[in-house]
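For reference, the chains in residue letters:
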Amino acid sequence: MTNNDRVYYSHNAEIQVRREIIVLTTLTLTLGLGIGAMLALLFAPSSGEKARHNLVQGIEEEWGNDRDTVDPMVKRLEEKFGEMLKNVEERVTHLT
């Protein structure tokens with residue numbers, strides 16, 4: 001084991017802290033690589049223009065597909081929430 005200034009009261013607490021450190025490290029590396037790639041594409045010469053165009057086109061297509069997929073689900077959830085709210089109000093009124 002490595003020397004550590006922290007005192008852990010259980011093995012589970014120590015494992016939880018290690019998992020959090022791994023997640024934060026992975027997130028930081030992924031975010032850094034993503035930002036680096038975007039900056040590389042942004043400042044790329046004219047050869048990067050085609051890559052930028054393809055990236056933008058792909059994002060726009062995915063956004064349209066995602067929106068078409070999500071809109072019916074959101075409407076259905078709104079309807080279900082409205083029905084649930086109506087049922088709760090009826091039950092509260094019945095109880096009082």
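Being a predicted model, the structure only gives us computed values, none of them experimental.

In this structure, what is going on with the overall build of the protein? I would like to understand it.
Counting its secondary structure elements, the protein contains two helices and zero strands. With 96 residues in all, the protein has 3% of them scored as buried.

I keep staring at a nonpolar patch on the surface and nothing clicks. Help me out?
A cluster of nonpolar side chains, contributed by Leu31, Ile35, Leu39, Leu42 and Phe43, occupies part of the molecular surface with about 540 Å² of accessible area. Its location among the elements puts Phe43 in the loop between helix 1 (11-42) and helix 2 (47-95). On the accessibility criterion, Phe43 (66% relative accessible area) is exposed.

Even after reading the chapter, I still don't get the side chain of Glu14, so can you show me in this structure?
Of note, Glu14 is situated in helix 1. Assessed through its relative accessible area of 13%, Glu14 is described here as buried. In terms of polar contacts, Glu14 uses its side chain to reach the side chain of Arg18, at 2.8 Å.

Conventions we followed
Residues numbered from 1 in each chain as written. Predicted model: local features only at pLDDT ≥ 70, side-chain atom pairs only at ≥ 80, totals over all residues. Heavy atoms only, no water. Helix = DSSP H or I, 4+ residues; strand = E, 2+ residues; numbered from the N terminus. Buried < 20%, exposed > 50% of the residue type's maximum accessible area, 1.4 Å probe, protein only. Patch = residues over 30% accessible without salt bridge, like charges linked within 9 Å, V, L, I, M, F, W, Y side chains within 5 Å. Areas by Shrake-Rupley, 256 points an atom, 1.4 Å probe, with all protein chains shown as cover. Salt bridge = Lys/Arg side-chain N within 4 Å of Asp/Glu carboxyl O. Polar contact = N/O pair within 3.5 Å; in protein donor to acceptor, adjacent residues only side chain to side chain.

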